[in-house]
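If you want the building blocks of each chain, they are given just below.
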Amino acid sequence: MDEEDNATKHVCLTLRNLLKSVKCVTARVRDGESNESDGDFNLPNFWDTLNQAVKAVSQEATKVSLAFSKPPLPSQQDGEQLADSVLKSVLSLSTVYYWLPKSRGVSLRRQVRDATLQVLEGLLQLLEVIVTSPLQSLTQEQLTSTGGVWSACDRFSSLPQDNKAAVLLVLSGQSGIVKDAIEELEQALSEARHPFGDMLVDEEDGEEPPDNQDTYWSERDRGVVAACQGIMKAAAACLRKTTAAVRTHGDADVPQRVAQLDDLVDSVKLISPGVDDLALCLYPPVDYSGADDHVSQLAALMKKVLAVIRQDTPLLQYDWLLLYTGRTHTDEMRQPFQICITFVQNKNNGD
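Here is what the cut-offs are and how they apply
- Throughout this document, residue positions are counted from 1 along each chain, in the order its sequence is written.
- Where totals are concerned, whole chains, interfaces and linings use all residues; where local detail is concerned, this predicted model gives features only for residues with pLDDT of at least 70, and gives and counts side-chain atom pairs only at 80 or more.
- Water and hydrogen atoms play no part in the side-chain values, which are based on all heavy atoms of the structure.
- Each helix is a run of H or I in the DSSP string that is no shorter than four residues. Each strand is a run of E no shorter than two, and both are numbered from the N terminus.
- What a helix should span is 1.5 Å times the count of its residues minus one.
- Relative accessibility decides the category of a residue: with a 1.4 Å probe and only protein chains considered, values under 20% of the type maximum give buried, values over 50% give exposed, and everything between is partly exposed.
- As used here, the arc belongs to the directions running from the helix axis to the C-beta atoms.
- Working rule for contacts: check all heavy atoms of both residues, and any pair within 4.5 Å makes them a contact.
- In what follows, salt bridge is the name for a side-chain nitrogen of Lys or Arg lying within 4 Å of a carboxyl oxygen of Asp or Glu.

**Student:** I'm lost on helix α5 (residues 140-154) in this one. Help?
**Tutor:** Every α-helical turn comprises 3.6 residues, leaving residues that sit three or four positions apart pointing alike. The end-to-end C-alpha distance of α5, which contains 15 residues, comes to 21 Å, matching closely the 21 Å that a straight helix rising 1.5 Å per residue would cover. Those residues of α5 lying buried are Gln142, Ser145, Thr146, Val149, Ala152 and Cys153. Within α5, the buried residues cover an arc of 120 degrees as seen down the axis, which keeps them to one side. For α5, the exposed residues lying more than 90 degrees away from the buried face are Gln140, Thr144 and Asp154. The inward-facing, buried residues of α5 contact α2 (43-67) and α4 (106-132).

**Student:** Explanation requested: unusual backbone geometry in the structure shown.
**Tutor:** It is generally the case that most residues other than glycine have a negative phi and that most peptide bonds are trans. With an omega of 0 degrees, the peptide bond between proline 71 and proline 72 qualifies as cis. Topologically, proline 72 is positioned in the loop between α2 and α3 (76-99). Looking along the chain, the bond that leaves proline 284 and enters proline 285 is cis, with omega of -5 degrees. Of note, proline 285 is situated in the loop between α9 (271-282) and α10 (288-310).

**Student:** Got a minute to help me understand the pattern of salt bridges in this structure?
**Tutor:** Pairs can form between side chains of opposite charge whenever their charged atoms are close. Enumeration according to the criterion identifies seven salt bridges in this entry. Arginine 30 is the partner of glutamate 121 in a salt bridge, and the nearest nitrogen-oxygen pair spans 2.8 Å. Here glutamate 121, found in helix α4, pairs with arginine 30, found in helix α1 (residues 2-31); they are 91 residues apart in sequence, far enough to count as distant. Residue classification places glutamate 121 among the partly exposed positions, given a relative accessible area of 36%. Relative accessible area serves as the criterion here: at 38%, arginine 30 is assigned to the partly exposed category. Between aspartate 266 and arginine 110 there is a salt bridge, with its nearest N and O atoms 3.5 Å apart. Of the two residues, aspartate 266 is situated in helix α8 (residues 255-268) and arginine 110 in helix α4; the sequence distance between them amounts to 156 residues.

The analysis is restricted to geometry; functional conclusions fall outside its scope.
The following block contains the structure:
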């Protein structure tokens, strides 16, 4: 019995040491830097090797889960070999990730890093479940954790293959967020009515329906909301046009153009939070001061995005960029943008 207890303790110690090692690797991937220059870097070879490394981690996760799902426990030697094999696959994955240089695009690297971290964190969760659960038993939590590792590994097959594709993915996500914010506000406006509008008014007594502007939009509120919707729609149009420009003329091979795409993403990622912040100000009770601030901020963000695009000559083929100088021929953006300018001017004039 003592020999069995000692074997169990040794296996548990091996698992805990493996857990600590994987935590260290995960921390380095989260905070570390990749290669500064590409040198002899080959992108297709990188993806082939990375996918093989991911597959190896998935297989090792399956092995360790099966090894501790039913009796008997692995022997001391088998347990150590299993832990070494798992750690080897983890180190291989992290090493290949570090091959990807910044010169290939920060946006691409971020998405590869996030996917790599998801795999490593899934493996950490699986190991923690095995360590903290009764050994030689397969729990639902262990099954779920194993599936989580598989799911994280499967994500690699849908990752963008270059920086242009990575930027387009970010733009698509931003467009979706802005579209949802616009539609939610429009739906709320269409469904809203005066909370006491269906009450009969005693005209002889000169009574008016009770007033509670904390729960509904007044006519003045609706006028301000309509003006603010203009810049929200302009933001959506800006994202759509930017996406089309990047899709048609974006370049993932020339370092300068790659860096410009990253600069574009850094600016674009601020638009959807700006739209959300503005939308929150427009629900009853309307925050006029907040709406004023966020309209100005959102207009400045769009100008910043357009300024970044102006630096990239091939993207200037789009007439909508004349919006930056106020001479756009694109009705889709001109009218909303001019409405928001009028709103800001009126607010500044004390209207």
